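Coordinate inspection notes
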Number of protein chains: 2
Amino acid sequence: MDTTVTLAVDAMGGDDAPNVVIEGAKLALDAEPSLRIMLCGDESAIQELASSHERCIAVPTTEVIGMAEHPAQAVRAKKDSSIVRGCALVKEGQADGFFSAGSTGACLAAATLVMGRIKGVKRPALGVIIPAYDRPVLFADVGANADCKPEYLVQFAKMGAIYMQAVMGVAAPTVGLLNIGEEDTKGSAFALEAHALLAEQLPAFAGNCEGGDIISGAFDVVITDGFTGNVCLKTIEGTSKVLFRYMRDALTSSLKAKIGSALVHGDLRALKAKLDPDQYGGTPLLGVKGVCMVGHGSSGATAVKNGILAGCRQVRHGVPQRIAEAFASVPDGPSQGKEGGLPCS
Amino acid sequence: MDTTVTLAVDAMGGDDAPNVVIEGAKLALDAEPSLRIMLCGDESAIQELASSHERCIAVPTTEVIGMAEHPAQAVRAKKDSSIVRGCALVKEGQADGFFSAGSTGACLAAATLVMGRIKGVKRPALGVIIPAYDRPVLFADVGANADCKPEYLVQFAKMGAIYMQAVMGVAAPTVGLLNIGEEDTKGSAFALEAHALLAEQLPAFAGNCEGGDIISGAFDVVITDGFTGNVCLKTIEGTSKVLFRYMRDALTSSLKAKIGSALVHGDLRALKAKLDPDQYGGTPLLGVKGVCMVGHGSSGATAVKNGILAGCRQVRHGVPQRIAEAFASVPDGPSQGKEGGLPCS
């Protein structure tokens, strides 16, 4: 039997919290017998699952960080919020990882401030698994660092490759740098500098990746700064959504189309499910001392379940420990001011 | 009857040049009786159309700029290339505009160096029309300037709004700034600075546009730096391509699906055509003294035709003149070194 994995789960995070989170937590417990959940949230909300399930422990909290609050300020002010308490449980060694579908900014701030950065990691990065055509692709940073230095991208690449190796079983992940041309000489000043550093320091570096190559699956890991990454990720999601909307319009435009679409309904549903980011349940924050999975605010119970299980897999494969080993020889950078190493709000 | 519009057309540009370009030029001449084409290219290639069509004039050239050449260097070295000669015809007043499906970098360099920037325009921008859900959207810069200053974005916004007003007939175009959140406080240092300038200087500015909102059609004009814009444009194209590939797989996966897909075939084809960037035939370069349309390297004859006709419409609506009027009061910036105002290579 597998060793028990304990995850702290923020019951208060997400558009439909706490109900949907609690339902997702229950599904995850049912699916994974070696999982233990420490459910953080309003006592009235969490009590029912905790008292009815032996592998669910109630962690009553009195504060909630809202989606619109300034992340770092909220994390500093609300010590008894479900997000801060969840990260503190990881810090104290009571939990192996943390899952929340709440404010991404607050989760990143809490994970960075409370769990802390892994020694040698200059900035944690938010990764996301893209269901690309040929294979799943880890794309990072998708929003933790709006302003990056080229050297951060080398670290994102290393952490992304460790994730793909450990969790997705890719033996030798290839890394692409998001850029505006395939040629080495293409790019902004920032991209050219990042390219040179990657070529020098990262044996897995396989060259530039153009915008269209993220989703075609040309690389296992694609890295960029958090501004470009966030914009691109939302562009992919938005394009898929609009294409499916166009398709729905086209397939209901005539009686013939309606009959045809009834016949292909199941196949299109299966395709939609295949592309559904819910299957991965969230985005891992790489580079902090513990597993941290951030789910989409609109997560349903299945997405919450999948996010918790993905967190569980990261614990089992020792992702933070592997990153710590890989970065052990990197000299820790100086503190960058009071917000040093803190993700953008 | 409309006044004659004369366009210089680069017969040598594109993957299937010169045949496809010549075919497209012929289609454009047939479609638009007031169009005159000055066809620039190898004498042997252009002679047939020029001698058989009274509104086609042969402009024999002896050099060709290849896709892999350094744009500015090639433009300076190859004075008798089809691209440089085409732009020179505009400069000399013999043609009103220029179309090429050749090297984008070389076209931008030639348009900037030969036609010249409009007074007051700091950097020309490459725009593209995105077939968004609710309405066509002008998205710029998609690659002319990999490194931008926030003030350039204010100019891109002004030029984009003029284009949408003049060519697409949008009475009061709204402008969005591509950014990582809707809130005014979100973004990289660059985006925050651009946001502040736009809010101060542009009445049409309507706030931040997230990645998913480009294609949903939330704004008439969406602006960003040329790095992010290029990556995003290719991401939209790549995502559409992969989704259609997935769809083809799904619709041929069973006999039932095959029958259904036969019934919806026409509707899906119509949808694909609707999303096809070929309908717009290319991307306008805004801010140079003359119309300049750059087609995709993979343009077919229809795309070439549409690109030429789109160039023709820009001439008819006086896009460069309108930009010149709007920028007449802007003090012209100092020359930025020897490559000042030159698009990135």
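Only a predicted model underlies this, so the values are computations on that prediction, with no experimental measurement involved.

Analysis parameters
- Residues numbered from 1 in each chain as written.
- Chains lettered and ligands numbered in written order.
- Predicted model: local features only at pLDDT ≥ 70, side-chain atom pairs only at ≥ 80, totals over all residues.
- Heavy atoms only, no water.
- Core = buried A, V, L, I, M, F, W, Y, C linked by side-chain atoms within 4.5 Å.
- Buried < 20%, exposed > 50% of the residue type's maximum accessible area, 1.4 Å probe, protein only.
- Contact = heavy atoms within 4.5 Å.
- Axes fitted to C-alpha atoms, helices over the stretch in contact; angles between N-to-C directions.
- Helix = DSSP H or I, 4+ residues; strand = E, 2+ residues; numbered from the N terminus.
- Left-handed = near helix turned anticlockwise from the far one by under 90°.
- Nonpolar A, V, L, I, M, F, W, Y, C, P; charged D, E, K, R; others polar.
- Least-squares fit on C-alpha atoms with pLDDT ≥ 70 in both.
- Pairing = 2+ DSSP bridges.
- Right-handed = clockwise from strand over helix to strand, strands pointing away.
- Buried area = accessible area lost by both parts, 1.4 Å probe.
- Salt bridge = Lys/Arg side-chain N within 4 Å of Asp/Glu carboxyl O.
- Polar contact = N/O pair within 3.5 Å; in protein donor to acceptor, adjacent residues only side chain to side chain.

Quick notes on the nonpolar core
Counting residues in hydrophobic clusters, the biggest one holds 120 residues, and the most contacted among them are Phe139 of chain A together with Phe139 of chain B. Each residue touching phenylalanine 139 of chain B, except ones within four places of it in the same chain, is listed here: Leu126, Gly127, Val128, Ile130, Leu178, Ile214, Val222, Thr224, Gly229, Cys232 and Leu233 of chain B.

Concerning the packing of helix α4 (residues 82-91) of chain B against helix α5 (residues 104-115) of chain B
Residues and elements named next belong to chain B. For the pair α4 and α5, the least separation of the axes is 9 Å and the interaxial angle reads 35°. The way α4 lies across α5 gives a crossing that is right-handed. Each of Ile83, Val84, Cys87, Ala88, Val90 and Lys91 in α4 lies in contact with α5, whose residues at this interface are Ala106, Cys107, Ala110, Ala111, Val114 and Met115. In the contact of α4 with α5, the residues fall into 11 nonpolar, no polar and one charged.

Points about the relation of the copies chain A and chain B
Here the second copy of the chain follows from the first by a rotation about an axis and a shift along it. Placing chain A over chain B gives an RMSD of 0.0 Å and needs a rotation angle of 180°, together with 0.0 Å of translation along the axis. Within this description, the copies of the chain are treated as partners about a two-fold rotation axis. Among all C-alpha atoms of chain A, that of glycine 260 of chain A lies closest to the rotation axis, at 2.0 Å. With an isologous cut-off of 70% or more, the 98% of interface residues of chain A that recur at the interface of chain B puts this contact in the isologous class.

Concerning the sheet that holds strand β2 (residues 35-41) of chain B
Residue and element names in this part refer to chain B. Strand order in the open sheet made by the 11 strands is β3-β2-β1-β4-β11-β10-β5-β6-β9-β7-β8, with mixed pairing throughout. Both edges of this open sheet fall to β3 (56-60) and β8 (205-209), since each of them pairs with a single strand only. The sheet shows a mean angle of 25° between the axes of neighbouring strands, direction not considered. Of the pairings in the sheet, the one linking strand β1 (residues 5-10) to β2 comprises six bridges and is parallel in character. Bridge pairing links valine 5 to leucine 35 in β2.

A word on unusual backbone geometry
Look at the link from alanine 140 of chain A to aspartate 141 of chain A: it is a cis peptide, with omega at -5°. Here aspartate 141 of chain A is to be found in the loop between β6 (136-140) and α6 (150-166).

With respect to the pairing of β8 of chain B
Residues and elements named next belong to chain B. Among the five residues of β8, four are classified as buried, and the element is accordingly described as predominantly covered. Pairing analysis gives three bridges linking strand β7 (residues 175-178) to β8, with the strands arranged parallel. Its bridge partner being in β8, valine 175 is matched across the sheet by phenylalanine 205. Crossover β7 to β8 through helix α7 (residues 189-201) is right-handed.

Concerning the interface of chain A and chain B
The interface is formed by 57 residues belonging to chain A together with 56 residues belonging to chain B. Together chain A and chain B conceal approximately 4700 Å² of surface at their shared face, both sides included; 72% is due to carbon and sulfur atoms. Among the residues of chain A in contact with chain B, Tyr133, Phe227 and Tyr246 of chain A are the three that bury the most area, contributing 16% of the side total. The interface formed by chain A and chain B contains two salt bridges. With its nearest N and O atoms 2.3 Å apart, the salt bridge here joins glutamate 210 of chain B to lysine 234 of chain A. Taken together, the links from chain A to chain B amount to 16 residue pairs in polar contact (both at pLDDT 80 or more). Of all the secondary structure elements, the ones that give two or more residues to the side of chain A that touches chain B are α7 (189-201), α8 (211-216), α9 (226-251) and α10 (255-275) of chain A. Per-element accounting of the side of chain A that touches chain B gives the leading share, 22 residues, to α9 of chain A. Residue composition of the side of chain A that touches chain B, by class: 29 nonpolar, 18 polar and 10 charged.

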